[in-house]
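Survey of secondary and tertiary structure
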Amino acid sequence: MVFRPRSPRAVPRPGESSATVKEGTPASREDAAEFQALIARCATYERAFRAFHTYDRSAPPMAWLASILVRRFLDWCRHDRRHPHEEFTDAMGDTLAEAEAPPEIWAHYTLEDVWGAVEQLPPELREVVRMKDMERQSYAEIGRRLGIPSMTVGTRLFRARKKLKELLLARQGSAGVPS
């Protein structure tokens with residue numbers, strides 16, 4: 001038995017009787033485009049095609065396709081759990097960049113110590129820190145001014161704050177006390 005999908009036109013549209021649609025009638029361009037869009041959105045068909053050699057022809061085909069669909073869904077859930085899709089907001093950036101060290105360690109640093117460490121940052125990180133912490137601009141405003149996405153602003157700010165922490169702690173470790 002050779003698997004040959006029926007033409008999409010073999011199924012009547014709403015309001016059409018099955019008598020007006022003939023088996024094997026060529027699909028219109030509109031139908032073909034709609035079918036292509038459907039296939040493009042659903043990876044299940046591709047997986048079924050690739051795994052067709054595993055199909056037991058004595059078993060019902062819908063059960064076989066359903067098992068592929070269930071596995072595809074589980075894969076999607078696992079992927080989604082490992083890679084959550086959350087909007088990165090100003091509040092999240094501030095939370096992520098907070099110091100993990102006890103506050104008393106940071107109490108020894110002066111504003112000059114912090115801005116001295118900021119000056120040691122690469123220019124793209126230094127600019128984002130200046131705009132966010134000195135000028136109090138939002139991620140969207142910074143992104144517009146620098147011509148980068150706001151997610152990139154958040155990433156740069158996170159990296160800058162992490163680097164600042166390293167610089168300040170290194171300064172404390174080498175001098176014993178902050179300068």
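In this text, all values refer to a predicted model and were calculated from it rather than measured experimentally.

1. Details of the pattern of salt bridges
On inspection of all chains with the given rule, the structure shows five salt bridges. Notably, a salt bridge pairs glutamate 127 with arginine 130, separated by 2.2 Å at the nearest N-O pair. With glutamate 127 and arginine 130 both in helix α7 (residues 123-134), this residue pair falls three residues apart, about one helical turn. For glutamate 127, a relative accessible area of 28% corresponds to the partly exposed category. A cluster of three or more residues bridged by salt bridges with shared partners is formed by Glu127, Arg130, Glu135 and Arg145.

2. A short note on the packing of α7 against helix α8 (residues 139-146)
Contact pair α7 / α8: the axes reach a minimum separation of 10 Å and the direction vectors enclose 135 degrees. The pairing of α7 with α8 is recorded here as oblique in orientation. With respect to the hand of their crossing, α7 and α8 are arranged in right-handed fashion. For the pair formed by α7 and α8, the contact residues are Glu127, Val128, Arg130, Met131 and Lys132 on the first element and Tyr139, Ile142, Arg145 and Leu146 on the second. For the contact of α7 with α8, the residue count by class is five nonpolar, no polar and four charged.

3. Some points on the packing of helix α6 (residues 111-119) against α7
The interhelical angle for the contact between α6 and α7, taken along N-to-C directions, is 145 degrees, at an axis separation of 9 Å. The residues of α7 that touch α6, namely those facing Trp115, Val118 and Glu119, are Arg126, Val129 and Met134. Among the residues making up the contact of α6 with α7, the classes are represented as four nonpolar, no polar and two charged.

4. Considerations on α7
Here α7 spans 15 Å end to end across twelve residues, near enough to the 16 Å set by a 1.5 Å rise per residue. Those residues of α7 lying buried are Leu125, Val128, Val129, Met131 and Lys132. A positive backbone phi angle near 55 degrees is found at arginine 136, which sits one or two residues after α7.

5. Focus on unusual backbone geometry
Excluding glycine, most residues fall at negative phi; most peptide bonds, likewise, are trans. One non-glycine residue, arginine 136, adopts positive backbone phi at about 55 degrees. Among the secondary structure elements, arginine 136 is positioned in the loop between α7 and α8.

6. Points about a nonpolar patch on the surface
On the surface, Val70, Phe73, Leu74 and Trp76 cluster together into a nonpolar patch covering about 420 Å² of accessible area. With respect to the helices, strands and loops of the structure, valine 70 is situated in helix α3 (residues 61-82).

7. What to know about the packing of aromatic side chains
Scanning all chains against the criterion turns up three aromatic pairs. An angle of 75 degrees between the planes, with centres 6.0 Å apart, marks the rings of phenylalanine 52 and tryptophan 64 as edge-to-face. Of the two residues, phenylalanine 52 sits in the loop between α2 (43-50) and α3 while tryptophan 64 sits in helix α3, which places them twelve residues apart along the sequence. When its relative accessible area of 28% is taken as the criterion, phenylalanine 52 is described as partly exposed. On the accessibility criterion, tryptophan 64 (15% relative accessible area) is buried. Consider the rings of tyrosine 55 and tryptophan 64, whose centres lie 5.0 Å apart with planes at 50 degrees: the pair is tilted. Taking the relative accessible area as the measure of exposure, tyrosine 55 reaches 13% and is therefore buried. An aromatic cluster is built from Phe52, Tyr55 and Trp64, whose rings are joined through pairwise contacts.

8. A look at the confidence of the model for the protein chain
Of the residues in the protein chain, 65% have a pLDDT of 70 or more, and the chain-wide mean is 75. Here helix α4 (residues 90-97) stands out as the least confident element of the protein chain, with mean pLDDT 56; α8 is the most confident, with 93.

Reading guide: rules and limits
Residues numbered from 1 in each chain as written. Predicted model: local features only at pLDDT ≥ 70, side-chain atom pairs only at ≥ 80, totals over all residues. Heavy atoms only, no water. Salt bridge = Lys/Arg side-chain N within 4 Å of Asp/Glu carboxyl O. Helix = DSSP H or I, 4+ residues; strand = E, 2+ residues; numbered from the N terminus. Buried < 20%, exposed > 50% of the residue type's maximum accessible area, 1.4 Å probe, protein only. Axes fitted to C-alpha atoms, helices over the stretch in contact; angles between N-to-C directions. Parallel < 35°, antiparallel > 145°, perpendicular 65-115°, else oblique. Left-handed = near helix turned anticlockwise from the far one by under 90°. Contact = heavy atoms within 4.5 Å. Nonpolar A, V, L, I, M, F, W, Y, C, P; charged D, E, K, R; others polar. Expected span 1.5 Å × (residues − 1). Patch = residues over 30% accessible without salt bridge, like charges linked within 9 Å, V, L, I, M, F, W, Y side chains within 5 Å. Areas by Shrake-Rupley, 256 points an atom, 1.4 Å probe, with all protein chains shown as cover. Phe/Tyr/Trp six-rings, centres within 6.5 Å; stacked < 30°, edge-to-face > 60°. pLDDT = per-residue confidence, 0-100.

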